[in-house]
Amino acid sequence: MAVKIRKGGEWVEVSSVGGGGATVTTSDSAPGSPSDGDLWWNSTTGLLNVYYEDANSSQWVNATGRGGGSSSSTGGTTKVAVLEDQKTSGTAGGNFDTGAWRDRTLNTETDPESFVTLDSGNVYFSLPAGTYEIGWSAPATAVDAHQTRLIYATDTGFSSGVGYAYGSSEQSDQNEGDGGASTIINDNRSFGNTIITTSAITYFKIQHRCSISSSGSNGNTQDWGMGRPSSFSGDSQVEVYTQVSIEDLATGILKSTSTGTTKVATVKDVKAYNVDGGAASTNTWITRDLNTISDPNNIGLSVSANVITVPAGTYSIRWSAPAWRVQMFTSKVEYSTNSTFATGVTSVQGSNSFASNSSSDGTQSQTVTIGTLASVTFSTTTYVRIRQWNAQAKDPAEGDTDNALGVATNVSGAGDSVYTTVVIEDLATAVKEATSSSNVWHVQKTTNQTIDSETWTDITGLSQTVSSPTASTKFLIIATVNASMSNNSGFDGLLRLMRDATVIGSTSTEGSSNANQTGFAQISGQDSYYTIDNGGITFLDTPGVGSHTYHIEGLNTDNSSNLIINGRTAGSFFMVSHMSIQQYS
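The rules we used
Residues numbered from 1 in each chain as written. Predicted model: local features only at pLDDT ≥ 70, side-chain atom pairs only at ≥ 80, totals over all residues. Heavy atoms only, no water. pLDDT = per-residue confidence, 0-100. Helix = DSSP H or I, 4+ residues; strand = E, 2+ residues; numbered from the N terminus. Contact = heavy atoms within 4.5 Å. 1 Å grid on protein atoms, 1.4 Å probe; cavity = no way out; pocket = protein on both sides within 12 Å on 5 of 7 lines; lining within 4 Å. Points joined across faces, edges and corners; volume = space filled by probe spheres on them. Nonpolar A, V, L, I, M, F, W, Y, C, P; charged D, E, K, R; others polar. Phe/Tyr/Trp six-rings, centres within 6.5 Å; stacked < 30°, edge-to-face > 60°. Buried < 20%, exposed > 50% of the residue type's maximum accessible area, 1.4 Å probe, protein only.

(A) Spotlight on the confidence of the model for the protein. Averaged over the protein, the pLDDT score is 81; the fraction of residues at 70 or greater is 80%. At the low end of the mean pLDDT range in the protein sits strand β1 (residues 2–7), at 49; at the high end sits strand β22 (residues 307–310), at 97. Predicted confidence is poor over residues 14–20, with pLDDT under 50, and the contacts of this stretch with residues over four places away or in other chains come to 14 contacts. pLDDT under 50 marks residues 176–182. Its contacts with residues more than four places away, or in other chains, come to 14 contacts.

So, in structure tokens, the structure goes:
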């Protein structure tokens, strides 16, 4: 029997089984010392692989057509799972001690396809050999600088084959501002995302590290270091802290054609640049506004009266919703076959968050609650909405209450104000792009830099040159930049992404904007004197054939206040900024 694979647009014979000396192995891990033409049946994933050697490399190649860009796979469901740390209402995330990386708890699994194993000790999980995208986040309260990481290994003691992927560097101030020791400004989350390929069963866990301990049972921190509880009641309320999302990339489903695009739609609350998100109510569930839909590949969504109508199918649903000065708040997604939600309502809760309502701390930050429904199958038309619970409504004495559910940009050149966001991916009928990722780059800036020239200036260390082989080659750029202003005079800073001398992904189309009023992130001239802001961008670029340099620039908009990268003036705190680029060709 001749065995062939598709390479360079042609079928290439790589072995003749039975007559060419090739071996056939059935196991859950790749066999050692393979030869050209050997076959390996992965008993965990059910995929047949052939060992192929060319002039430049040798590797196991997926020979079945499943998840590898072939057009022969016509059915199935993309495997997605979510792991969380859920606790009963009113239970805090736990003490957070400085000095070492601390394991985060994971005790709740949503895994419709049963491909993840969560250990009974509620700390680590395992995955069979394969290729996965893993995203995670974990909250912290009053610990100053903090960061998460994903640690993985080939043994449960995490001593063999150890590797790391790091999350974002964040700042959750402890005892800052005029309120002193009685004040907690905010809690926030460290986010991370990575793609990993393993050849054997691999074990994973989330770890977290902080610069100042937040622990005890009294005072302004209590045992909130790893997350402050919302303490809401009713509707089977739980607290949600650490969250992990896992997608098995080998199970991406292809239709009968060999090209296409994953079907993803967004539904958002979009308002004019000078219109706030709305007023909050205290200790009751409210429905968040949803008014703008983008469904480029025609999943078939519609939105009316803040309710999304979704056709029958299998979907992954992610959401986020902001709040300001409402103290503790949380969110949930609700769905029902009843358009009024009078009967048959199912809900999945999002994360807890905290937005200080104190007028004495001087640096109240807008934060968000996020949530993920890993996979859900609707057998008929189903209605979806986002709900939010707030511990407090914004005090009228503190000014306009209409910004409790999000603060408007109030800058005409910055574009519309966007609040609640819902992302819906069609898992059962999605068409995964038949492309390959051939190169990945990562750069990071670990030192401080002051920008004081009132002109766009390169942030040193956040630059990467790539080579695009074709006119259709795409590059995914993901960047996080931490920055502050040198004083609280109110003059802001801006960040933008560049390809060579061209601004990309950072230009508003608002008619009155100019090059010095638009970017992918604004560094607040008031808040960021005390709290380091983090600006992030994800942008998919098709630059054309040739060599291109992606880089990040910063701007201080007035000479009375400088833009400080990776640090702040009010206190000796130091962050790290990153840029990752992935090539798709």
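(B) Spotlight on the layout of surface pockets. Its volume calculated, the second largest pocket comes out at about 220 Å³. Along its surface, the second largest pocket is lined by 16 residues, and Q86, V238, S347, V348 and Q349 are the ones closest to its centre. Partitioned by chemical class, the residues of the lining of the second largest pocket number six nonpolar, seven polar and three charged.

(C) Quick peek at the packing of aromatic side chains. This model, assessed by the stated rule, comprises 13 aromatic pairs. A centroid spacing of 6.1 Å and a plane angle of 40° characterise the contact between W441 and F475, whose relative ring orientation is tilted. Separated by 34 residues along the polypeptide, W441 in strand β30 (residues 437–445) and F475 in strand β33 (residues 474–485) bring together distant segments of the chain. Both residues of the pair, W441 and F475, count as buried.

(D) Quick look at unusual backbone geometry. Despite not being glycine, S33 has its phi angle at roughly 50°, a positive value. Along the chain, S33 turns up in the loop between β3 (24–27) and β4 (39–42). The phi torsion at Q327 lies on the positive side, around 65°, for a residue other than glycine. Here Q327 is to be found in strand β24 (residues 327–336).

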